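Chain and residue survey
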Amino acid sequence: MGECGFLKLASSFAQDIAHIQGGVTVLVIRSVDIREKELLDKIVELHQQSFKGFFLSTLHPGFLRQLYKAFVTHKKSELLVALNDDKPVGFIAYSYDTTGVYRYMLWRRFFPFVWYSFLSFLKKPSIFFKMFSALSMPYTHTREEEYVKVFSIGVAPEYQKHGLGTKLIEEMKKRVDFTHFDYITLETDADDNDDANIFYNKNGFKLSQEFITFEGRRMNKYHYRVKHEHLAT
Ligand SMILES: CC(C)(COP(=O)(O)OP(=O)(O)OC[C@H]1O[C@@H](n2cnc3c(N)ncnc32)[C@H](O)[C@@H]1OP(=O)(O)O)[C@@H](O)C(=O)NCCC(=O)NCCS
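Residue indices begin from 1 for each chain and proceed along its sequence in written order. Reporting of local features is limited, given that this is a predicted model, to residues whose pLDDT is at least 70; pairs of side-chain atoms are given and counted only at 80 or more, and all residues count toward the totals for whole chains, interfaces and linings.

Once that is clear, we can look at the site of the ligand. Here, nearness is defined through the C-beta atom: a residue counts as near a molecule or strand if that backbone-placed atom lies within 6 Å of it. Not every one of the 19 residues close to the ligand is listed here, only the nearest: Q160, G165, T166, D195 and F199. Elements are defined by DSSP. Helices are runs of H or I of four residues or more, strands are runs of E of two residues or more, and each kind is numbered from the N terminus. When residues of the shell around the ligand are traced back to their parent elements, those giving at least two are β5 (147-155), α7 (164-175) and α8 (194-202). Top contributing element to the shell around the ligand by residue count: α8, with five residues. Residues of the shell around the ligand, tallied by class, amount to seven nonpolar, nine polar and three charged. Residues are grouped as follows: Ala, Val, Leu, Ile, Met, Phe, Trp, Tyr, Cys and Pro are nonpolar; Asp, Glu, Lys and Arg are charged; all remaining types, including Gly, are polar.

Once that is clear, we can look at the packing of helix α2 (residues 37-50) against helix α3 (residues 61-73). Working convention: axes come from line fits to C-alpha atoms, limited for helices to the stretch in contact. Angles between N-to-C directions cover 0 to 180 degrees. Running from N to C, α2 and α3 point in directions that differ by 115 degrees, and their axes come no closer than 9 Å. Helix-helix and strand crossings are classified by hand; for α2 and α3 the assignment is right-handed. The segment α2 lies against α3, with L40, D41, I43, V44 and H47 engaging P61, L64, R65, Y68 and K69. By definition, turning the near helix anticlockwise from the far helix through less than a right angle yields a left-handed crossing, and turning it clockwise yields a right-handed one. Placing C-beta atoms from the backbone, we regard two residues as in contact once those atoms come within 7 Å.

Even without being glycine, K161 reaches a positive phi, approximately 65 degrees. Its 12 C-beta neighbours within 10 Å are what place K161 among the exposed residues. Of note, D192 is a non-glycine position whose phi angle comes to about 50 degrees, a positive value. As for its placement among the helices and strands, D192 is situated in the loop between β6 (183-189) and α8. Counts of 20 or more other C-beta atoms within 10 Å of a residue's own C-beta define buried residues, counts of 12 or fewer define exposed ones, and intermediate counts define partly exposed ones; C-beta atoms are placed from the backbone. On the basis of neighbour count, D192 is assigned to the exposed category, with 8 C-beta atoms found within 10 Å.

It is worth spelling out the environment of K37 at this point. Examined against the element boundaries, K37 turns out to sit in helix α2. Sequence separation of K37 and R65 is 28 residues, and the distance between their C-alpha atoms is 9.7 Å.

Below is the structure:
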């Protein structure tokens, strides 16, 4: 984790993208470096485009920037980006220590966090308590097994349904050491969210729990496990 591993995608995929874009040469998936400030801004924009109408997209962009910056700088978390000719077209953020990355954001980045929370509050006062409850959720987890948690995955609308989300998940799976971590987990809305639920099923995630948040949102929790015989080979 932490090093910039590049992955050149299969040419069939590049051709798919070429088909919709009209001329693509190289597509890479790699981790984001803390010095890439412009790239971070573009990932925030990408989040807002791909998660249109979702809760975090309604917050001030500076807040999202703090979140993704935490995934880049926290040593047990990672932000991967998919670049098409240097243009970010997809991303995935995940952590080996979810509680740690939220604590890191709250305490190590306290002043920017408070400032952008304040700006988000001015933008939409009703979301204030929802925001803090969302960020305090990881503290309630018990850790009987070691897991890696996906915080978010997004693909630019015009690139969706061409296999890019799958490539991002596959790259993450390659990077996770399954001899140490038992599974990958994530949570997503159960209602009006068929695309994402079908996507996770197709990528080997199994429904492990259904729950309702305090504001009444029905959520699905998924686990992805590698069978032990795969580890032996
Ligand atoms: C969910 C998301 C990341 C999937 O990325 P993607 O690149 O579009 O997904 P893929 O092309 O790899 O799709 C893999 C499979 O998922 C399913 N799928 C993906 N998008 C779908 C859609 N819009 N409708 C139905 N099924 C869909 C398909 O079964 C597809 O398999 P197929 O190609 O054999 O039909 C992307 O659609 C996205 O960014 N959505 C908005 C943000 C979001 O909802 N993120 C996840 C919530 S936590």
